[in-house]
Amino acid sequence: MSEEKSLNFIEQIIEEDIANGTHGGRVLTRFPPEPNGYLHIGHAKSICLNFGLALKYNGQTNLRFDDTNPITEDTEYVDSIKQDIQWLGFNWANEFYASDYFEQLYTFACKLIEQGYAYVDDSTSEEIAAMKGTPTEPGKESPYRNRSAAENLDLFTQMREGKFKDGEKVLRAKVDMSAPNMHMRDPIIYRIRHAHHHRTGDTWCIYPMYDFAHGQSDSIEQITHSVCTLEFIPHRPLYDWFIEKLNIFPSHQYEFARLNMTYAIMSKRKLLQLVNENHVTGWDDPRMPTISGLRRRGYTPDSIRQFCEKIGVAKRDNLIDISLLEFCIREELNKTANRVMAVLDPIKLVLANYPDGQVEEMQVENNPEDTTAGSRTVPFSNTLYIEREDFMENPPKKFFRLGVGLAVRLKSAYIVKCDSFEKDADGNVTTVYATYLPESKSGTDNSGLTVKGTIHWVSAQHAATAEVRLYDRLFKVEDVGNAEGDFKDHINPESLTVIQHAYVEPSLLEAKEGTRLQFMRKGYFCVDKDSKPGRPVFNRTVTLKDTWAKESKR
RNA sequence: UGUCCUAUAGUAUAAAGGUAGUACAUCUGAUUUUGGUUCAGACUGUCUAGGUUCGAAUCCUGGUAGGACAACCA
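Given the structure is predicted, the values throughout are model-derived calculations rather than measurements. (Residues numbered from 1 in each chain as written. Chains lettered and ligands numbered in written order. Predicted model: local features only at pLDDT ≥ 70, side-chain atom pairs only at ≥ 80, totals over all residues. Heavy atoms only, no water.)

## Describing the packing of aromatic side chains
Here comes step 1: Tallying each qualifying case throughout the model produces 28 aromatic pairs.
Here comes step 2: Where Y106 meets F156, the ring centres are 4.9 Å apart and the plane angle is 15°; that geometry is what we call stacked. Residue Y106 is located in helix 4 (residues 102-114), and its partner F156 is located in helix 6 (residues 149-160); the two are separated by 50 residues in the primary sequence. Both residues of the pair, Y106 and F156, belong to the buried class.
Here comes step 3: Plain terms: the ring middles of F156 and Y190 are 5.2 Å apart, the flat faces sit at 70° to each other, and that makes the pair edge-to-face. Of the two residues, F156 is situated in helix 6 and Y190 in strand 6 (residues 188-192); the sequence distance between them amounts to 34 residues. Comparing F156 with Y190 shows no difference in burial state: the two are buried.
Here comes step 4: Members of the aromatic cluster, connected to one another through ring pairs, are F102, Y106, Y117, F156, Y190, W204, Y207, F212, W241 and F242.
Here comes step 5: For K169, the ring lying beneath its charged end belongs to F164, and the centroid distance is 4.3 Å. (Phe/Tyr/Trp six-rings, centres within 6.5 Å; stacked < 30°, edge-to-face > 60°. Helix = DSSP H or I, 4+ residues; strand = E, 2+ residues; numbered from the N terminus. Buried < 20%, exposed > 50% of the residue type's maximum accessible area, 1.4 Å probe, protein only. Lys NZ or Arg CZ within 6 Å of the ring centre and 35° of its normal.)

Below is the structure:
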């Protein structure tokens with residue numbers, strides 16, 4: 001039973017409504033994106049909330065595109081939004097568009113005019129803004145406010161017929177110019193826009209504003225719980241006012257706090273800027289907080305849903321630690337991703353006493369967390385690549401890796417003891433020499449030796465070359481939204497490191513796009529779409545937790 | 001000098017007048033053929049002042065702090 005789990009405030013409202021028989025216990029939510037950009041993790045929160053509510057209370061969710069502003073919207077966005085919702089694992093009951101309701105909304109507007117609740121205003125936008133007053137001073141009534149219903153109807157008809165240019169006239173609701181709530185000071189509900197709409201084409205040259213489209217669309221669809229973010233709270237009295245004056249289905253609006261995340265931005269406008277100014281490669285750049293970016297980065301739908309579950313829903317402003325998102329993907333991938341060996345920054349390890357030309361196929365388990373994952377073989381020889389950071393010329397105490405005189409286990413192979421090393425002219429270590437203990441072979445070890453460290457490796461002659469893209473957080477500061485100056489000043493110049501020549505075990509040559517793997521001791525990676533035959537490209541989804549890195553920094 | 005929203009560990013989120021709990025983060029220790037995982041433990045909190053009540057994180061009042069609102073955007 002779900003009684004154990006606590007309810008968020010919206011669930012509490014819904015359970016009360018169900019208990020009271022409101023709408024006969026029916027629950028119908030909606031997810032209403034404007035198709036003017038790609039969905040991001042903040043939208044995922046809203047999607048999980050709206051669809052989750054319906055799932056939990058035996059209801060349904062409509063997908064409704066809020067496409068009332070033709071100049072910013074495009075079908076490219078419509079398509080990506082649909083793909084992202086489905087990828088997250090949700091199904092909408094109906095696919096609607098606010099533009100489906102243009103005729104109905106026009107009728108609603110005429111009804112308002114007839115009732116004396118709306119009028120055509122010839123003022124310029126500057127004049128309207130000036131008459132609006134300020135939050136602390138009341139506004140002034142427009143000189144056009146008292147036109148007759150007949151005149152307004154005639155003018156509004158002419159607006160629709162295209163008799164006026166953009167900006168010449170608007171239709172305003174007649175509410176109260178001295179209301180303390182700015183949104184009630186005769187809000188504009190229709191504007192003239194001679195623009196091509198991605199769905200209605202050139203049928204219309206007047207378009208309803210958000211306030212005269214959203215609530216009405218909710219009502220037309222008989223949405224029971226219209227859930228949106230906090231910034232719409234001041235709109236709610238207007239939302240209710242229109243429903244009352246129009247006498248239509250009483251949908252209700254509820255507001256929750258939008259998601260903010262450390263080291264990230266959620267503003268569509270700013271994300272667009274990153275794309276347009278090439279700070280990233282596109283909306284699906286793996287550094288982007290977009291659904292498509294996270295997908296390409298290697299995040300799973302499950303991990304994102306888990307994240308949305310864990311962050312909760314409330315009304316207070318928040319800044320979620322991105323490490324929670326990382327926790328969610330690690331938690332899943334730990335159970336599901338096969339372990340493989342990849343050397344990102346290679347140096348050679350030569351085993352002096354291992355016969356030249358001999359090759360052994362070492363048995364390696366695919367996932368210690370999943371016994372059903374099986375095992376594979378990895379070729380082993382006397383010349384291997386190991387990670388540069390796994391050798392130190394002057395190892396400190398508690399360094400459980402290689403240094404002259406130190407021994408480690410090569411994962412799933414032998415224990416080796418380091419004898420010497422070579423450096424190039426620049427002083428960089430190039431080759432490490434070691435001897436192996438034949439009786440320490442993994443699985444049949446009777447050497448009696450134990451070593452503290454185990455390192456990964458690949459056989460030099462068998463290794464495949466791969467490109468590896470290491471992603472880090474896109475911004476250097478925690479709270480990008482509230483940081484001083486332009487947000488672009490805080491972009492992390494090291495958010496992407498490309499390794500052209502990483503060595504990976506040969507089995508990875510056939511890895512298919514989207515495959516998620518753990519590079520042992522390095523992190524979780526996935527196969528990028530840029531992969532070519534013979535040259536796979538891997539994206540780092542997230543590093544492993546690394547307590548040694550913390551320790552060694554001290 | 002308006003209206004509205006909000007205030008619980010570092011970050012989030014529970015506790016619907018009755019033991020302040022959970023997760024992430026951080027720190028210990030154990031286990032480990034991944035310095036991963038797992039396990040055990042530690043850490044730290046009700047903005048403030050009053051009031052109501054046997055009893056207040058919760059209800060009321062005042063204060064303080066943060067946020068939203070003045071696009072022909074959504």
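## Details of the sheet that holds strand 16 (residues 407-410)
Here comes step 1: A sheet is described by the order of its strands in space; here seven strands give the open sequence 19-16-17-18-12-15-20, paired in mixed fashion. Two strands close off the open sheet at either side, each with one partner strand: strand 19 (454-455) and strand 20 (458-459).
Here comes step 2: Of the pairings in the sheet, the one linking strand 16 to strand 19 comprises two bridges and is parallel in character. Directly across from L410, in strand 19, lies its bridge partner I455. (Pairing = 2+ DSSP bridges.)

## A short note on the protein's contact with RNA strand B
Here comes step 1: Taken together, 67 residues surround RNA strand B, and among them R193, R339, S442, Q518 and K550 come closest.
Here comes step 2: For RNA strand B, the backbone portion of the atoms within 4 Å of the protein, that is sugar and phosphate, comes to 64%.
Here comes step 3: Within the contact set of RNA strand B, a sugar or linking oxygen lies 3.3 Å away from a side-chain nitrogen or oxygen of N334.
Here comes step 4: Here W548 contributes a backbone N or O atom positioned 3.4 Å from a sugar or linking oxygen of RNA strand B. (Near = heavy atom within 4 Å. Polar contact = N/O pair within 3.5 Å; in protein donor to acceptor, adjacent residues only side chain to side chain.)

## Things to note about the packing of helix 4 against helix 8 (residues 236-246)
Here comes step 1: Taken N-terminus to C-terminus, the directions of helix 4 and helix 8 make an angle of 75°; their axes are 10 Å apart at the nearest point. Overall, the two elements helix 4 and helix 8 adopt an arrangement that is roughly perpendicular. Across the interface between the two elements, F108, K111 and L112 from helix 4 touch F242, K245 and L246 from helix 8. (Axes fitted to C-alpha atoms, helices over the stretch in contact; angles between N-to-C directions. Parallel < 35°, antiparallel > 145°, perpendicular 65-115°, else oblique. Contact = heavy atoms within 4.5 Å.)

## Considering the side chain of S226
Here comes step 1: Structurally, S226 is set in strand 8 (residues 225-229).
Here comes step 2: Side-chain polar atoms of S226 contact the side chain of R30, separated by 3.0 Å.
Here comes step 3: Leave out the neighbours within four places in its chain, and S226 touches R30, H214, D218, Y239, H252, Q253 and Y254.

## Some points on the sheet that holds strand 1 (residues 28-31)
Here comes step 1: A sheet is described by the order of its strands in space; here three strands give the open sequence 1-2-3, paired in parallel fashion. Since the sheet does not close on itself, it has two edges, and those belong to strand 1 and strand 3 (94-97), each with one partner. Each strand of the sheet is rotated relative to its neighbour by a mean of 30°, with strand direction disregarded.
Here comes step 2: Bridging between strand 2 (residues 60-65) and strand 3 involves four bridges; their strand directions are parallel. The residue bridging F65 from the neighbouring strand is Y97, located in strand 3.
Here comes step 3: Contacts from helix 3 (residues 75-88) reach strand 1, strand 2 and strand 3, with the element oriented near 160° to strand 2.

## Concerning the environment of F249
Here comes step 1: For F249, the position within the fold is in the loop between helix 8 and strand 9 (252-256).
Here comes step 2: Remark: the alpha-carbon pair of F249 and D202, spanning 47 residues in sequence, is separated by 30 Å.
Here comes step 3: Non-local contacts of F249, meaning those with residues more than four positions away in its chain, are made with H23, R26, S219, Q222, I223 and I243.

## Describing the side chain of S46
Here comes step 1: The residue S46 is located in helix 2 (residues 41-56) in this model.
Here comes step 2: With residues up to four places along the chain from it excluded, the contact list for S46 reads F31 and F256.

## Quick look at unusual backbone geometry
Here comes step 1: Residues other than glycine seldom take positive phi values, yet H23 does so here, at roughly 55°.
Here comes step 2: Examined against the element boundaries, H23 turns out to sit in the loop between helix 1 (9-20) and strand 1.
Here comes step 3: Given a relative accessible area of 24%, H23 falls into the partly exposed group.
Here comes step 4: At D186, a residue that is not glycine, the phi angle is positive and equals roughly 45°.

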